[in-house]
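Letter by letter, the chains look like this.
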Amino acid sequence: MFDRELYKGKTYNKYIKDELDEAYNTKKVSEYARNRIISSLSSNSDTKLAIIGTCSSSLDKTTELRGETLGLKCRYCHIVARWTNEKNEQIDESGMIIYGISLKDALRLGTKYSQDSVIYKDQNGLKRISTGLNNDYVIGHVIAEYDNSRDALENDLEQIILNKKQRNNCQVYLIDTGNVLSISRYEPILTRII
């Protein structure tokens, strides 16, 4: 698992940024990785998980979230979305899919990282739940419930992960560090899922 500060003389953040620069608009969607994410979100899986963003174009906040996730002894996948804004500038926003996390911890981390809501999945389904930061909803309010059948997830994965925001030329990458897809490796590997 890649949890060391340096890889090839670079920090984790610099390594990921360089890999993302190389991958953007060149990699095709990996059906294997996409199917693994859809399987974990589907109603056939009893896995608890949360998708938590960091509202930051900097990977520093994600490094902090990664440390907290390890402190909770949860498995995770780092995800990064990259798109272009109206000025044709590239924007990166990162977050994590955290496996085995409680709803209480997911809401706490969502609040800490300035998220209005988190995606949470447990035996009761797949939902977008308020962290209480948006004055329209109290903490724990279910904002949306998603059909988590495989067919629905195939069509709605981008909307679920990106909170239904339309973004120009958006691509989402899973950063596999070897602790979720059960592939033992030292360096993180970027795989496009959207």
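Residues numbered from 1 in each chain as written. Predicted model: local features only at pLDDT ≥ 70, side-chain atom pairs only at ≥ 80, totals over all residues. Heavy atoms only, no water.

*Asks:* Can you help me understand the overall build of the protein chain in this one?
*Replies:* Per the secondary structure count, the protein chain includes five helices and ten strands. Considering only contacts in the protein chain between residues 6 or more positions apart, those separated by 24 or more positions represent 61%. When the accessible area of the protein chain is evaluated, it comes to approximately 9700 Å², of which 44% is carbon and sulfur surface. (Helix = DSSP H or I, 4+ residues; strand = E, 2+ residues; numbered from the N terminus. Contact = heavy atoms within 4.5 Å. Areas by Shrake-Rupley, 256 points an atom, 1.4 Å probe, with all protein chains shown as cover.)

*Asks:* What am I meant to see in the packing of aromatic side chains here?
*Replies:* Two aromatic rings, taken as a pair, are described by how far apart their centres are and by the angle between their planes. This model, assessed by the stated rule, comprises zero aromatic pairs. In this structure, Arg75 packs its charged tip against the face of Tyr99, placed 5.2 Å from the ring centre. Just above the ring of Tyr24 sits the side chain of Arg82; from NZ or CZ to the centre is 5.4 Å. (Phe/Tyr/Trp six-rings, centres within 6.5 Å; stacked < 30°, edge-to-face > 60°. Lys NZ or Arg CZ within 6 Å of the ring centre and 35° of its normal.)

*Asks:* What should I look at first to understand the confidence of the model for the protein chain in this one?
*Replies:* Should the pLDDT be low somewhere, the predicted coordinates at that spot are not to be read in detail. Residues with a pLDDT of 70 or more make up 83% of the protein chain, whose mean pLDDT is 79. Every residue in residues 1-5 scores below 50 in pLDDT, and together they form 20 contacts with partners more than four places removed in sequence or on other chains. (pLDDT = per-residue confidence, 0-100.)

*Asks:* How should I be thinking about the pairing of strand 4 (residues 75-84) in this particular structure?
*Replies:* Residues in a regular strand point their side chains to alternate faces of the sheet. Burial runs high along strand 4: nine of the ten residues are buried. Examined bridge by bridge, strand 4 and strand 5 (residues 90-99) share ten bridges and lie antiparallel to one another. Pairing of His78 across the sheet is with Met96, part of strand 5. The antiparallel pairing of strand 4 with strand 5 creates a hairpin that spans five residues between the two strands, and Asn88 there sits at a positive phi of about 65°. (Buried < 20%, exposed > 50% of the residue type's maximum accessible area, 1.4 Å probe, protein only. Pairing = 2+ DSSP bridges.)

*Asks:* What exactly am I supposed to notice about helix 1 (residues 12-23) here?
*Replies:* Count 3.6 residues to each turn of an α-helix, and residues three or four apart come out pointing the same way. Given a rise of 1.5 Å per residue, twelve residues ought to cover 16 Å, and the 16 Å separating the end C-alpha atoms of helix 1 matches this to within 8%. Once helix 1 finishes, Asn25 follows within two positions and takes phi at roughly 65°, a positive value. (Expected span 1.5 Å × (residues − 1).)

*Asks:* I would appreciate a short explanation of the side chain of Ser130 in the present structure.
*Replies:* Positionally, Ser130 belongs in strand 7 (residues 125-130). Overall, the relative accessible area of 0% leaves Ser130 in the buried class. Polar side-chain contacts of Ser130 include one of 2.9 Å to the backbone nitrogen of Gly132. (Polar contact = N/O pair within 3.5 Å; in protein donor to acceptor, adjacent residues only side chain to side chain.)

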